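Each chain, letter by letter, is given below.
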Amino acid sequence: MCIRDRDLGIRPESSTFRLLASRADLSKDHTAMAKTLLKNSKEPIVGAPIARMAALRQLSAKKDVDGALKLLHRMDLEGVIPDKQVLNQLIECARSDPDKAEQIYFDLKERGVKPNMTTFTKLCTIAKENRVRDGVDMWVNEMLDQEIVPDSNVTPTIVDWYLRSGNRARAEQVLVRLIEMNNAFQMFQQMMRFGPFDFALGLLACMVAEDQPLTDVVRDALRSLSRDPLTQQVVDDLEACQWNVDAILTSPVMMDMQSSTEDHVHPSIMECMRLMMREINLPDIQREIMTQKLTARIAQAQQSRK
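Quick caveat, the model's predicted, so the values are computed rather than measured.

Peer 1: An account of the overall build of the protein is needed here, citing residue identities and associated values.
Peer 2: In terms of regular secondary structure, the protein is built from 19 helices and 2 strands. Counting the 306 residues in the protein, one finds 46% classified as buried. Within the protein, contacts between residues at least 6 apart in sequence are counted, and of these 64% link residues at least 24 apart. Carbon and sulfur atoms form 49% of the exposed surface of the protein, whose accessible area is close to 16,100 Å².

Peer 1: Quick rundown of the nonpolar core? Include the residues and the values.
Peer 2: Counting 89 residues, the largest nonpolar core has L175, F188, L204, L214 and L294 as its most contacted members. Of the residues forming this core, the biggest block, 11 residues, is contributed by helix 13 (residues 197–209). Setting aside anything within four residues of it in sequence, one finds L294 in contact with A205, V208, A209, L249, M270 and M273.

Peer 1: Can you tell me about the side chain of E92, naming the residues and giving the values?
Peer 2: By the secondary structure assignment, E92 is in helix 6 (residues 84–93). Relative accessible area serves as the criterion here: at 18%, E92 is assigned to the buried category. Separated by 2.9 Å, the side chains of E92 and K122 make a polar contact. If sequence neighbours within four positions are ignored, E92 has contacts with S60 and K122.

Peer 1: Would you mind going over the packing of helix 7 (residues 98–110) against helix 9 (residues 135–145) in detail, with residue names and values included?
Peer 2: At a minimum axis distance of 13 Å, the contact between helix 7 and helix 9 shows a crossing angle of 15 degrees. With respect to each other, helix 7 and helix 9 are oriented roughly parallel. Here helix 7 runs over helix 9; the crossing is left-handed. Each of E102, Y105, F106 and K109 in helix 7 lies in contact with helix 9, whose residues at this interface are M138, W139 and E142. Across the contact of helix 7 with helix 9, the residue classes break down as 4 nonpolar, no polar and 3 charged.

Peer 1: Provide a residue-level description of the packing of aromatic side chains, including the pertinent values.
Peer 2: Across all of its chains, the model carries 4 aromatic pairs by this definition. On the basis of an interplanar angle of 25 degrees and a centroid distance of 5.8 Å, the ring pair of F106 and W139 is categorised as stacked. One end of the pair, F106, is in helix 7; the other, W139, is in helix 9, and 33 residues separate them in sequence. Residue class for F106 comes out partly exposed when judged on its relative accessible area of 29%. An aromatic cluster is defined as three or more aromatic residues linked by ring pairs; in this entry it consists of Y105, F106, F120 and W139.

Peer 1: Account for the environment of M187, with residues named and values stated.
Peer 2: Within the element layout of this structure, M187 appears in helix 12 (residues 185–191). With 16 residues separating them in the primary sequence, M187 and A171 have C-alpha atoms 9.1 Å apart. Beyond its immediate sequence surroundings of up to four residues, M187 is in contact with T155, V159, A171, V174, L175 and L178.

Peer 1: Explain unusual backbone geometry to me, using residue names and the numbers behind them.
Peer 2: The amide bond that connects G195 to the next residue, P196, takes the cis arrangement and shows omega of -5 degrees. Relative to the elements of secondary structure, P196 occurs in the loop between helix 12 and helix 13. Despite not being glycine, D134 has its phi angle at roughly 60 degrees, a positive value. Notably, N281 is not glycine yet its phi reads approximately 60 degrees, a positive angle. We classify N281 as exposed; its relative accessible area is 61%.

Peer 1: Provide a residue-level description of helix 6, including the pertinent values.
Peer 2: Where burial is concerned, most of helix 6 is hidden: 8 out of the 10 residues are buried. Listed in full, the buried residues belonging to helix 6 are V86, L87, N88, Q89, L90, I91, E92 and C93. Where the residues of helix 6 are buried, they touch helix 4 (49–61), helix 5 (65–77), helix 7 and helix 8 (117–129). With a side-chain oxygen lying 3.2 Å from the backbone nitrogen of Q85, the N-terminal cap of helix 6 falls on D83.

Rules behind the numbers
- Residues numbered from 1 in each chain as written.
- Predicted model: local features only at pLDDT ≥ 70, side-chain atom pairs only at ≥ 80, totals over all residues.
- Heavy atoms only, no water.
- Helix = DSSP H or I, 4+ residues; strand = E, 2+ residues; numbered from the N terminus.
- Buried < 20%, exposed > 50% of the residue type's maximum accessible area, 1.4 Å probe, protein only.
- Contact = heavy atoms within 4.5 Å.
- Areas by Shrake-Rupley, 256 points an atom, 1.4 Å probe, with all protein chains shown as cover.
- Core = buried A, V, L, I, M, F, W, Y, C linked by side-chain atoms within 4.5 Å.
- Polar contact = N/O pair within 3.5 Å; in protein donor to acceptor, adjacent residues only side chain to side chain.
- Axes fitted to C-alpha atoms, helices over the stretch in contact; angles between N-to-C directions.
- Parallel < 35°, antiparallel > 145°, perpendicular 65-115°, else oblique.
- Left-handed = near helix turned anticlockwise from the far one by under 90°.
- Nonpolar A, V, L, I, M, F, W, Y, C, P; charged D, E, K, R; others polar.
- Phe/Tyr/Trp six-rings, centres within 6.5 Å; stacked < 30°, edge-to-face > 60°.

In structure tokens form, the structure reads like this:
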């Protein structure tokens, strides 16, 4: 039948020969002929992982999503089950076509392919670059539904999208969900960009409570939000503490609301944290947990300073 179809102008693929070569009901001569035809086939054997990924990388460099989907079809014919690496390369091929990227994601998800952080980094980037309305937000929802926590690569993209779209409320909802997942470090520091200063200082308090490092992102955010003598004095106090957590938590200026100019007194970082948690509507149980963490961290700092 294969020879007859070929004579009729129907071009077999390498998968055709592979399937014939594996059939137990063919004669030895026919099996040998199928193996010979497979060997002489000029098409890449997409079942081979190295060849498969090399072909996908070439297609992604050209943004050839149609060619990538054809390769996926050949994989199906050869019985190759796609994995998350294949999923990510297929999405990369659709970098300029967000609709195709979405189709690829959900098609392979239905087939049992599990996404990873790279998957959502690519999808969020595609949505942002192609200015898809609510596209980043859709992928953030999907990412959290898959219980994948945004990392340092994708969190800036997410926060930048919410900043540009003026959707602070949605960003705060994502922050609440990450706090509930006990993995909000990246969101804490990126959300400081929203301001104002007291809100950012409340986020710093959460990071301190969870013993997270005060990175350059944190320091730069607070410096940029310091726009009056009172907030500048707070930043000066943080600089005097060299951004050291134990020094901050034992500083009378930071902890006892001593930072003041004339009639104005700046709230302590504990109070800033409480105000921030109230603003984002963090559930009461999570507020209590965070307050207990910060209280315990303050006690630890005071003990270490004795």
